[in-house]
Amino acid sequence: MNSDATQPRRVVVTEFGENPVEAVERFLKIEPIAVPVPSALAPGEVLIRIRSAAVSWVDMLMASGQYQHMATPPYTPGIEYSGEVQATGPGVDPARCRAGDAVLVDFMKAGPRSYGDYRHAGGFATHAVVPFEALRPIPAGLSFDQAANLLGAYETAWHCLIARGQLQAGETVLIHGASGVTGLAAVQVAKLLGATVIATGRSDEKLAVVREQGADHVVNLRGDDGGVRCFRDEVKALSGGEGVDVVYDTVGGETSLESLRCMAFGARFLIVGWVSTPDVARGKGQRGAPNANQLPTNIVQMKGLSVLGCPAVITAHRDPQMRERRVAQVLDWAAAGRIRPLVSRAFALDDAKQALLARWNGDIVGGCVLHP
Ligand SMILES: NC(=O)c1ccc[n+]([C@@H]2O[C@H](COP(=O)([O-])OP(=O)(O)OC[C@H]3O[C@@H](n4cnc5c(N)ncnc54)[C@H](OP(=O)(O)O)[C@@H]3O)[C@@H](O)[C@H]2O)c1
């Protein structure tokens, strides 16, 4: 992706791929953009100079049309981002928003994960024009990189662990994919709630970081054949022999099945995602779920388990007031220093392809960003 790094520009997904890797290899381009002059901004609009854009798993899924929310190619990826206000349009109250302010962009109100008129305003670009309502001041103490990795991850952790999982102090939670963005957020939130955290992953190196981030125990699930090894006995032993009270599952597949075997009677299984089986839907936006994950009803029944779907964004669309409470809680925690997104890698905008592939290949701990 060669371009003039001094010029305003954006990344574009020109068409959906069959799978995320094909989408990135073949259909990711970079192109110049015309930055609007301030006088061209419509009422309520704000021009942002983007400083940091999160590189996420969902950006990858979306590029092949395998994510539940479809962008319309050509579109600019970059679901979450942060930056500086460069100019404001008519009607934007200068007491609330002015040039130079450090802001994060609410991914449900602008960018490819939103609906409406500002879906095109993705974060993989030097500039974006977004509505004032999409902006939030960056909580004190957070960098642009951390701000770009805040809402999606911690709202998901809040939604899954608190709204759905009802996780209580003193309980034990098993967190899969703990080195990922949503996994690490869940580790921090579970600790904040007073739970004991057993975190899993496939790399000792990454798990050492997860431990530094607060996990009480870490378990490497990688078997000798590269697949998932039997972890039931180890997790049961770590949870007093009874099994865990809650499972936060971002991984799916074999990991989900083995998890059911180390849950306590009456425990809650939180479906967060399925990174080990990403191709449940057809590529190129053809929808359907021919390869859907399956759980054994016999184990669910005999252990009296609660299996809970936890879609954070879909639920927020159905219950906007709940979302306001959720966002307020995440921003308060961040401002008080009680949660801190970990961002471990940064790439230039022109290296978006490498950044997305690094995310897809699991080469990242926590957040990864582009610096446009
Ligand atoms: N419920 C919701 O509302 C919601 C919201 C956001 C995201 N999600 C979903 O949550 C999942 C995780 O998202 P994320 O943003 O946290 O992703 P991420 O940052 O890329 O992290 C995923 C983690 O999973 C592990 N992993 C990757 N491939 C794996 C495989 N084949 N088998 C086992 N583990 C693997 C990796 O850790 P190791 O290499 O250490 O194993 C990686 O750190 C995705 O499915 C996403 O769609 C759901």
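Residues numbered from 1 in each chain as written. Predicted model: local features only at pLDDT ≥ 70, side-chain atom pairs only at ≥ 80, totals over all residues.

Trainee: For this particular structure, what's the right way to read the overall build of the protein chain?
Mentor: In terms of helices and strands, the protein chain carries twelve helices and 15 strands. Relative to its length of 372 residues, the protein chain is compact, with a C-alpha radius of gyration of 21 Å against a globular reference of 21 Å. Overall size of the protein chain, expressed as C-alpha extent along the three principal axes, is 65 × 45 × 35 Å. When the 372 residues of the protein chain are sorted by exposure, 49% land in the buried category. (Helix = DSSP H or I, 4+ residues; strand = E, 2+ residues; numbered from the N terminus. Rg over C-alpha atoms; globule rule 2.2 N^0.38 Å. Buried ≥ 20, exposed ≤ 12 C-beta atoms within 10 Å, placed from the backbone.)

Trainee: Help me understand the site of the ligand in this model?
Mentor: Not every one of the 28 residues close to the ligand is listed here, only the nearest: Gly-177, Gly-180, Gly-201, Gly-273 and Ala-312. Looking at the shell around the ligand, the elements that each hand over two or more residues are helix H2 (57-63), helix H4 (151-164), helix H5 (181-192) and helix H10 (312-318). Sort the elements by how many residues they give to the shell around the ligand and H5 lands first, with three residues. Here the shell around the ligand is composed, by residue class, of eleven nonpolar, 14 polar and three charged. Per-domain counts for the shell around the ligand show at least three residues from each of domain 1 (9-150 + 341-371) and domain 2 (153-314). (Near = placed C-beta within 6 Å. Nonpolar A, V, L, I, M, F, W, Y, C, P; charged D, E, K, R; others polar. Domains from an automatic or database assignment.)

Trainee: Just to check I follow, could you spell out the nonpolar core for this structure?
Mentor: Soluble globular proteins: nonpolar side chains tend toward being buried together. Grouped together as the largest cluster of nonpolar side chains are 109 residues, with contacts concentrated most on Val-130 and Val-244. In this structure, this core is formed jointly by two domains, domain 1 (9-150 + 341-371) and domain 2 (153-314), each of which donates at least three residues. With near-sequence residues (within four places) excluded, Val-130 lies in contact with Val-46, Ile-48, Val-105, Ala-110, Tyr-118, Ala-121 and Leu-135. (Core = buried A, V, L, I, M, F, W, Y, C linked by C-beta atoms within 7 Å. Contact = placed C-beta atoms within 7 Å.)

Trainee: Help me understand the domain arrangement of the protein chain, please; the structure alone is not making it clear to me.
Mentor: How big an interface is tends to be stated in terms of the accessible area lost upon association of its parts. Segmentation of the protein chain into domains returns domain 1 (9-150 + 341-371) and domain 2 (153-314). The gap between the C-alpha centroids of domain 1 and domain 2 is 28 Å. The class makeup of the residues in the side of domain 1 that touches domain 2 is nine nonpolar, nine polar and two charged.

Trainee: I tried to follow the environment of Phe-231 on my own but got confused; where do I start?
Mentor: By the secondary structure assignment, Phe-231 is in the loop between strand S10 (217-220) and helix H7 (232-238). Taking the C-alpha atoms as reference points, Phe-231 and Asp-249, separated by 18 residues in sequence, lie 14 Å from one another. For Phe-231, the contacting residues outside a window of four places in its chain are Val-219, Leu-221 and Glu-258.

Trainee: Looking at this model, I keep getting lost on the sheet that holds strand S13 (residues 306-309). Mind explaining?
Mentor: Paired through their backbone hydrogen bonds, the strands of a sheet run either parallel or antiparallel. Pairing in this open sheet of six strands is parallel, and the strands run S10-S9-S8-S11-S12-S13 from one edge to the other. In the strand order of this sheet, the two ends are held by S10 and S13, each with one partner. Each strand axis lies, on average, 20° off the axis of its neighbour in the sheet, ignoring direction. (Pairing = 2+ DSSP bridges. Axes fitted to C-alpha atoms, helices over the stretch in contact; angles between N-to-C directions.)

Trainee: What's the story with the pairing of strand S3 (residues 45-54) in this structure? I'm lost.
Mentor: For a regular strand, side chains alternate in direction, first toward one face of the sheet and then toward the other. Burial within S3 is extensive, with nine of its ten residues counted as buried. Looking at chain direction, S3 and strand S6 (residues 127-131) are connected through five bridges and run antiparallel. When the bridges of S6 are listed, Arg-49 appears paired with His-127. Pairing between S3 and strand S4 (residues 81-88): seven bridges, direction antiparallel. By the bridge assignment for S4, Arg-49 is matched with Glu-84. Looking at chain direction, S3 and strand S15 (residues 367-371) are connected through two bridges and run antiparallel. Residue pairing in the sheet places Ala-53 in a bridge with Leu-370 of S15.

Trainee: How should helix H12 (residues 352-360) be read in this particular structure?
Mentor: Side chains three or four residues apart in an α-helix point the same way, a direct result of the helix having 3.6 residues per turn. For H12, the full list of buried residues reads Ala-352, Ala-355, Leu-356, Arg-359 and Trp-360. The buried residues of H12 occupy one face: seen down the axis, they fall within an arc of 135°. Buried residues belonging to H12 abut strand S1 (9-13), helix H1 (20-27), strand S2 (28-32), H2, strand S14 (343-348) and S15. Backbone geometry just downstream of H12 places Gly-362 in the positive-phi region, at approximately 70°. (Arc of directions from axis to C-beta.)

Trainee: What am I meant to see in the packing of H4 against helix H11 (residues 320-335) here?
Mentor: Angle between the axes and distance between the axes are the two parameters that describe a pair of packed helices. Running from N to C, H4 and H11 point in directions that differ by 115°, and their axes come no closer than 10 Å. Relative to H11, H4 is oriented roughly perpendicular. As H4 packs across H11, the resulting crossing turns out to be right-handed. For the pair formed by H4 and H11, the contact residues are Leu-151, Tyr-154, Glu-155, Trp-158 and His-159 on the first element and Arg-326, Val-327, Gln-329 and Val-330 on the second. Grouping the constituent residues of the contact of H4 with H11 by class yields five nonpolar, two polar and two charged. (Parallel < 35°, antiparallel > 145°, perpendicular 65-115°, else oblique. Left-handed = near helix turned anticlockwise from the far one by under 90°.)

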